[in-house]
Protein chains: 2
Amino acid sequence: MNNTNYPEYEQPAVTVDLVIFTVSAEKLKALLVKRAREPYAGSWSIPGGFLKLGESLDDAAVRVMHEKTGVKEVYLEQLYSFGRPERDPRTRVITVTYIALIPWQDLVQPESGKVTDLGWFDVNELPGLAFDHREILVYAVNRLRAKATYSNIVYGLLPVQFRLSDLQKIYEIITDHPLDKRNFRKRMLATGLLKETGKKELTGAHRPAMLYCFKKREYVLME
Amino acid sequence: MNNTNYPEYEQPAVTVDLVIFTVSAEKLKALLVKRAREPYAGSWSIPGGFLKLGESLDDAAVRVMHEKTGVKEVYLEQLYSFGRPERDPRTRVITVTYIALIPWQDLVQPESGKVTDLGWFDVNELPGLAFDHREILVYAVNRLRAKATYSNIVYGLLPVQFRLSDLQKIYEIITDHPLDKRNFRKRMLATGLLKETGKKELTGAHRPAMLYCFKKREYVLME
DNA sequence: CCAAAAGTGTTATTGATACACCCATGC
DNA sequence: GCATGGGTGTATCAATAACACTTTTGG
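All values reported here derive from a predicted model rather than from experimental measurement.

Parameters and conventions
- Residues numbered from 1 in each chain as written.
- Chains lettered and ligands numbered in written order.
- Predicted model: local features only at pLDDT ≥ 70, side-chain atom pairs only at ≥ 80, totals over all residues.
- Heavy atoms only, no water.
- Near = heavy atom within 4 Å.
- Polar contact = N/O pair within 3.5 Å; in protein donor to acceptor, adjacent residues only side chain to side chain.
- Helix = DSSP H or I, 4+ residues; strand = E, 2+ residues; numbered from the N terminus.
- Buried < 20%, exposed > 50% of the residue type's maximum accessible area, 1.4 Å probe, protein only.
- Contact = heavy atoms within 4.5 Å.
- Buried area = accessible area lost by both parts, 1.4 Å probe.
- Nonpolar A, V, L, I, M, F, W, Y, C, P; charged D, E, K, R; others polar.
- Pairing = 2+ DSSP bridges.
- Expected span 1.5 Å × (residues − 1).
- Arc of directions from axis to C-beta.
- Axes fitted to C-alpha atoms, helices over the stretch in contact; angles between N-to-C directions.
- Parallel < 35°, antiparallel > 145°, perpendicular 65-115°, else oblique.
- Least-squares fit on C-alpha atoms with pLDDT ≥ 70 in both.

Chemist: A description of the protein's contact with DNA strand D should follow, citing residues and the corresponding values.
Modeler: By nearness alone, 21 residues border DNA strand D, and Ser-165, Lys-181, His-206 and Met-210 of chain A together with Arg-207 of chain B come closest of all. Considering DNA strand D, the proportion of its atoms within 4 Å of the protein that are sugar or phosphate atoms stands at 39%. In this structure, Lys-186 of chain A approaches DNA strand D through a side-chain N or O atom, which is 2.8 Å from a base oxygen. Take Asp-180 of chain B: an N or O atom from its side chain is 3.2 Å from a base nitrogen of DNA strand D. Where the surface near DNA strand D is concerned, the elements lending two or more residues are helix 4 (181-191) of chain A together with helix 4 (181-190) of chain B.

Chemist: Mind laying out the side chain of Ser-45 of chain B, listing which residues take part and the relevant values?
Modeler: All names here are of chain B. Positionally, Ser-45 belongs in strand 3 (residues 44-45). We classify Ser-45 as buried; its relative accessible area is 6%. Setting aside residues up to four positions removed in sequence, Ser-45 forms contacts with Leu-32, Val-33, Arg-35, Leu-129, Ala-130 and His-133.

Chemist: Please set out the interface of chain B and chain A residue by residue, giving values where relevant.
Modeler: Every contact between the two is made by 34 residues of chain B and, on the other side, 34 residues of chain A. Interface area, chain B with chain A, both sides summed: about 3,000 Å², of which 59% is carbon and sulfur. At the junction of chain B and chain A, the tally comes to 9 residue pairs in polar contact (both at pLDDT 80 or more). Elements with a contribution of two residues or more to the side of chain B that touches chain A: strand 1 (13-24), helix 1 (57-69), strand 5 (75-82) and strand 6 (93-101) of chain B. Per-element accounting of the side of chain B that touches chain A gives the leading share, 4 residues, to strand 5 of chain B. Considering only residue class, the side of chain B that touches chain A consists of 16 nonpolar, 9 polar and 9 charged.

Chemist: If you had to explain the pairing of strand 2 (residues 27-34) of chain B to someone new, which residues and values would you point to?
Modeler: Residue and element names in this part refer to chain B. A large share of strand 2 lies buried, amounting to 6 of its 8 residues. Linking strand 1 to strand 2, which pair antiparallel, is a turn of 2 residues; within it Ala-25 sits at a positive phi near 50°. As defined by bridge partners, strand 2 adjoins strand 7 (residues 118-122) across 5 bridges and the pair is classed as antiparallel. The residue of strand 7 that forms the bridge with Leu-32 is Gly-119. Taken together, the 2 bridges between strand 2 and strand 3 define a ladder with antiparallel strand orientation.

Chemist: Account for helix 2 (residues 133-150) of chain A, naming residues and giving values.
Modeler: Residue and element names in this part refer to chain A. Over its 18 residues, helix 2 runs 26 Å from end to end, which matches the ideal 26 Å to within 8%, given 1.5 Å per residue. For helix 2, the set of buried residues is His-133, Ile-136, Leu-137, Ala-140, Val-141, Leu-144, Lys-147 and Ala-148. Considered in projection along helix 2, the buried side chains sweep an arc of 135° and stay on one side of the axis. On the buried face of helix 2, the contacting elements are strand 1 (13-24), strand 2 (27-34), strand 3 (44-45), strand 5 (75-82), strand 6 (93-101) and helix 3 (164-175).

Chemist: Tell me about the packing of helix 3 of chain A against helix 4 of chain A, and name the residues and values.
Modeler: Residues and elements named next belong to chain A. Axis separation between helix 3 and helix 4 bottoms out at 11 Å; the angle between their running directions is 100°. With respect to helix 4, the axis of helix 3 lies roughly perpendicular. Contacts from Leu-164, Ser-165, Leu-167, Gln-168 and Tyr-171 in helix 3 reach Lys-181, Phe-184, Arg-185 and Met-188 in helix 4. Of the residues belonging to the contact of helix 3 with helix 4, the class tally is 5 nonpolar, 2 polar and 2 charged.

Chemist: I'd like a description of the environment of Thr-95 of chain B, backed by residues and values.
Modeler: All names here are of chain B. By secondary structure assignment, the location of Thr-95 is in strand 6. In this structure the C-alpha to C-alpha distance between Thr-95 and Thr-15, which are 80 residues apart in sequence, comes to 4.6 Å. Of the polar contacts made by the side chain of Thr-95, one reaches the side chain of Thr-15; its length is 3.1 Å.

Chemist: Talk me through the relation of the copies chain B and chain A; I want residue IDs and the actual numbers.
Modeler: Between chain B and chain A, the superposition needs a rotation of 180° and an axial shift of 0.0 Å, giving an RMSD of 0.0 Å. Put plainly, the chains are arranged around a two-fold axis. Interface residue correspondence from chain B to chain A reaches 100%, placing this contact among same-surface, isologous pairings.

Chemist: An account of the protein's contact with DNA strand C is requested, with residue identities and associated values reported.
Modeler: Around DNA strand C lies a shell of 20 residues, among which Asn-183 of chain A together with Ser-165, Lys-181, Arg-185 and Met-210 of chain B are the nearest. Looking at DNA strand C alone, sugar and phosphate atoms form 37% of those within 4 Å of the protein. Contact between DNA strand C and Asn-183 of chain A: a base nitrogen at 2.9 Å from a side-chain N or O atom of the residue. Between DNA strand C and Ala-205 of chain A, the relevant distance is 3.4 Å, taken from a base oxygen to a main-chain nitrogen or oxygen of the residue. For the surface near DNA strand C, the secondary structure elements donating two or more residues are helix 4 of chain A together with helix 4 of chain B. Ranked by residue count, the leading element in the surface near DNA strand C is helix 4 of chain B, at 4 residues. Residue classes in the surface near DNA strand C are distributed as 6 nonpolar, 5 polar and 9 charged.

Pasting the structure below:
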């Protein structure tokens, strides 16, 4: 024993892994990284990295987010910690996972042009994933679905200004249920979280839509 | 670098800490341990321990629970992972925290007879706590409050058989709101999660109450 | 017969759901 | 003028909330 009462035996490694969501082309998608090295070389995995000793868990999540997407200001929420002893074949690794939400419009190069080791995948058509990353991703999708129904979490998937039909579409994609347009609008406006911008959408061969924004871009429980 | 692609620099320590709840004497209480050693020697803290390399996070939680209460079969749920670099003054420690619920009646020696380094504290009258344990405890209470309103989580605080008034009292204590007796009973029976046992409470100078139990003692969402 | 907790229904209010047509624009 | 999505109101139904007295037992 040392005099600090801390164990001297080996400690597990700690990583921070992210399930980064966006919505595009009517699909809920997650960002995956193709692994370059063993184990699971060539497999897709969710992005992550080792926790550095000086940084908090949240800081590590922000760092990984920035490394993979170039974006810093996003919705981030700790999801769960996974730590089965066998989840990494080499050594003991505890992973603290996060959900991140990013508006499709904020991505620097949508559909990852020439970068082939990064890809956005429809969460309903996932490739084989390394480690226990499928379990993590499924857990994240369930959490996102649940929170969409009782919070304004989807603001993280929308640009600053949006049409009510954009908002409705996001809800429909995440929960996979169609919504009634009139009831949806009534309910959303009743929350008091939205504000008309006064501006109108210009493009499109149809009546232009009022653009709305969230009064505060922060997580709030609804209803 | 080694050939496993794992960092050779120092890893943080990983602990598993528990917020163990019970309800007694009309109060929601948490189990605290008086620290024997520095840092925070003499302060109260939530029970916990270092993760062993061969055990899962859940296994570690069960182990700590058993060590402190002598009880193994309890409701356990992972709460959150805390990892501010300065949260332990000596070295980097990530803690994965859990909530545990235990029926007062299951405790071997209620009000911890001669054991003075363990104590049950009203969550509204907490002593000074070591590390960031106050933050963790407050977080746990909020989670328990929230879940009480939309799940049957309170089964973990009740013995196998109980009166509907016991159930109501638990809800009132956790949420700190009085409930209407008739509406409460209607709503609870409507969930279909309860079953009459046929037995009746015997003690007491009043009409004996029907005893109920949960059809399944497992976590279910309500409403 | 008194104290103590158990048990039991109805009404009013509120929120949720279902549903169909006209409007403004670009081409 | 036609195709496209934008925008609006009412009626029904379901869930929730408010509310007070009778019953059974022990002492």
